[in-house]
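Examining the three-dimensional arrangement
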Amino acid sequence: MPAPLPPTSAADRVPAAQKFAMGLGSIHDMWGHWLYAALAYQVFNIYLGVSPAWIARALLIKLLFEAVWDSVFGWWSDNTRTRFGRRRPFILVGSVLAGLMLPVMMAVRPGWTEVQYFWFMVGSMALFVPIMSCFYMPFNSLGAEMTPDYHERTALAAVRSAMQKVPEVAMFAAAAFTTAGVWVAATWTDVPARLTELTRQTLQWFADVGGGVLTLDFPRLGRLMQTLFGWMPSEPGAKPNILLGAQVYLLILGVIMVGAGIWMFFLLRERYYEKIVVARHQGRVSIRETIWQVLQCRPFRANLAMALAYGIGTSMVGTLGYYATVYYVCRGDVAAAGTWNFWMGLSGMGLGLCGIPVYAYAAKRLGKKRGMMLVQVSAMAVFAGTWWLYNPEIVWLQVFASGLIAFTSAGFWMLYGSISADVMDCDELETGKRREGAFSACGSWIMKFGMGMGNWASGEILANTGFDATLGGNQTPHAIFMIRILLAAIPIGGLVLAFVMLARVGLTQQKMAEVRVQLEARRGQV
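Quick caveat: nothing in here was measured; it's all calculated off a predicted structure.

Some words on the overall build of the chain
- Each helix and strand counted, the chain has 18 helices and zero strands in total.
- Scaling as 2.2 N^0.38, a compact globule of 526 residues should have a C-alpha radius of gyration of about 24 Å, and the chain matches this with 24 Å.
- Oriented by its inertia axes, the alpha-carbon framework of the chain measures out at about 70 × 50 × 50 Å.
- For the chain, with 526 residues in total, the buried portion stands at 54%.
- Across the chain, contacts joining residues at least 24 apart in sequence account for 84% of those joining residues at least 6 apart.
- Total accessible area computed for the chain in this model is approximately 22400 Å², and 68% of it derives from carbon and sulfur atoms.
- The average position of the 42 basic charges and that of the 30 acidic charges among the side chains of the chain differ by 6 Å.

Take a look at the structure:
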């Protein structure tokens, strides 16, 4: 166990208001980066009839846009000098515009051709992606500048990860909201009345849940939990207006994003800006540094490679987990699988939230590197356990599979973010520059490309298991075996590689204490 560092000083602590503001940024991260991909297939494929191939092509082009614009705004914010700082002006403009633009992403009408829908998706993303990069690259960069303290960085990452669970609820609720029965035969003139009915259902559901808890009426609670927030599904044969539901949903979330962005601008502060960037007249960071030169930083390469190994390994089996539930555990019963996925989603949110303080405590006691080792070993055990947790004889065990995967995942991404801030201190020691935007941009587009390739590979992997959709619940034993074994083996392989890369990061607790002493001797405290 490493020698304990001195307790975090009051001067190094991030005020609670600023931690809260950093947590608010997860709203834009979740809804701006991930919600569209989740809704695109539901709206464009299921409701409007666009081929999944066209949607996949549009989402792949989105990755290319992000690679360009993340680099531009990471570089731009590194070189900006204003009386409001170098990050906060971008955060304000980007967050407000993102909220205004979000509902425009679904501003289509039925009756267009597939090609017209494709070009609308590409065109709207060509506008939305630079707006999100304008917000997220400076925001993510600012996270590494909030405190110079080794453990306070983990505490900040923990708050941000915990608050992320709130917008995750909206991600999880999107499908239920857009397919609710209130949207059957609905038009824009009906929206106020339909929202009023949806609100009534929600309030009644919470009242019924509260009554069930007080009376310990578990059968009643079980029936209530089969509908999310009491949003009643449509009658058999009735087709809800999913497009309208999505447009209303994105409009509501967009308003929240605008409010959160304005709040962040007023609450956040740039600790390093005046004392280091301005006072020392830091020179410009070239676009070449943003795209390639940061890769010369060895700890950055190792930390990024670790995250890529973990991210690609887990994203490659995202589809396999769903198919294991439908075709192995539920034997082809899609409706039953949908109910279990509801519970698995709740389990993932709940246990994911629990994982944050557990691994934050471990990192404080053991150091971040050993804490991350614990995360990865735990994750290997969990993925190995999926062989037994996906069990058609004990169906509810799969709820724990989803929850335990989220438990370890929360710890991984929390500590990855905290280690990333340490990497930038090492870079400052070597180069004399604070260039968080360059690291955020380079890491972002490489991670997005890797995760995108992982998601694409998941479909190819499923196709090569022998799975045949026409067989329904009568899949061959070979196909079921391959789905189950690959669901466990591929993430474990990624985790083994991540473990090797972690050994190369080299940023121990003692090492970072030495780096801080050297930095403060050269440029003073911040």
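Observations concerning the pattern of salt bridges
- Scanning the model with the defined rule gives 21 salt bridges in all.
- Among the salt bridges present, the one from Asp-149 reaches Arg-516, with a minimum N-O distance of 3.9 Å. Linking Asp-149 in the loop between α4 (114–143) and α5 (150–178) with Arg-516 in helix α18 (residues 509–523), this pair joins segments that are 367 residues apart in sequence.
- Using a relative accessible area of 8% as the deciding quantity, one classes Asp-149 as buried.
- What makes Arg-516 partly exposed here is its relative accessible area of 22%.
- Two residues, Arg-516 and Glu-520, come together in a salt bridge whose shortest N-O distance is 2.7 Å. Within this pair, Arg-516 and its partner Glu-520 are both found in helix α18, separated by four residues, close to a single helical turn.
- One network of salt bridges, with partners in common, ties together Asp-12, Asp-149, Arg-271, Arg-516 and Glu-520.

Regarding the environment of Asp-29
- When you line up the elements, Asp-29 lands in helix α1 (residues 16–47).
- The spacing of Asp-29 and Pro-167 is 138 residues in sequence and 9.1 Å in space, taken between C-alpha atoms.
- Excluding residues within four positions of it along the chain, Asp-29 makes contact with Trp-34, Tyr-136 and Gln-164.
- A polar contact of 2.9 Å, which involves the side chain of Asp-29, links it to the side chain of His-33.

Describing the confidence of the model for the chain
- Scored by pLDDT, the chain has a mean of 86; 94% of the residues are at 70 or more.
- Across the chain, element-level confidence peaks in helix α3 (residues 88–101) with a mean pLDDT of 96 and bottoms out in helix α10 (residues 287–291) with 63.

Considering the packing of α5 against helix α15 (residues 397–431)
- α15 packs onto α5 with a crossing angle of 140° between their chain directions and a minimal axis gap of 8 Å. By the criterion of interaxial angle, the relationship of α5 to α15 is oblique. Pair α5 / α15 crosses with right-handed handedness. Residues Tyr-150, Arg-153, Thr-154, Ala-157, Ala-158 and Ser-161 of α5 form the contact with α15, whose own contacting residues are Met-414, Leu-415, Ser-418, Ala-421, Asp-422 and Asp-425.
- When its residues are assigned to classes, the contact of α5 with α15 shows six nonpolar, three polar and three charged.

Considering the packing of aromatic side chains
- Throughout the structure, instances matching the rule amount to 31 aromatic pairs.
- Look at Phe-84 and Phe-265: their rings are 5.8 Å apart centre to centre, the planes differ by 55°, and that puts the pair in the tilted class. With Phe-84 in the loop between α2 (52–78) and α3 and Phe-265 in helix α8 (residues 242–267), the pair connects residues that are 181 residues apart, well separated along the chain.
- Residue classification places Phe-84 among the partly exposed positions, given a relative accessible area of 34%.
- Accessibility expressed as a relative area gives 9% for Phe-265, which makes it buried.
- Judged by centre distance (5.7 Å) and plane angle (75°), the rings of Tyr-310 and Trp-413 are edge-to-face. Here the residue Tyr-310 occupies a position in helix α11 (residues 298–315), and Trp-413 occupies one in helix α15, the gap between them amounting to 103 residues.
- Residue Tyr-310 is classed as buried on the basis of its relative accessible area of 4%.

Reading the values: the criteria
- Residues numbered from 1 in each chain as written.
- Predicted model: local features only at pLDDT ≥ 70, side-chain atom pairs only at ≥ 80, totals over all residues.
- Heavy atoms only, no water.
- Helix = DSSP H or I, 4+ residues; strand = E, 2+ residues; numbered from the N terminus.
- Rg over C-alpha atoms; globule rule 2.2 N^0.38 Å.
- Buried < 20%, exposed > 50% of the residue type's maximum accessible area, 1.4 Å probe, protein only.
- Contact = heavy atoms within 4.5 Å.
- Areas by Shrake-Rupley, 256 points an atom, 1.4 Å probe, with all protein chains shown as cover.
- Lys, Arg positive; Asp, Glu negative; His and termini not counted.
- Charge placed at Lys NZ, Arg CZ, Asp CG, Glu CD.
- Salt bridge = Lys/Arg side-chain N within 4 Å of Asp/Glu carboxyl O.
- Polar contact = N/O pair within 3.5 Å; in protein donor to acceptor, adjacent residues only side chain to side chain.
- pLDDT = per-residue confidence, 0-100.
- Axes fitted to C-alpha atoms, helices over the stretch in contact; angles between N-to-C directions.
- Parallel < 35°, antiparallel > 145°, perpendicular 65-115°, else oblique.
- Left-handed = near helix turned anticlockwise from the far one by under 90°.
- Nonpolar A, V, L, I, M, F, W, Y, C, P; charged D, E, K, R; others polar.
- Phe/Tyr/Trp six-rings, centres within 6.5 Å; stacked < 30°, edge-to-face > 60°.

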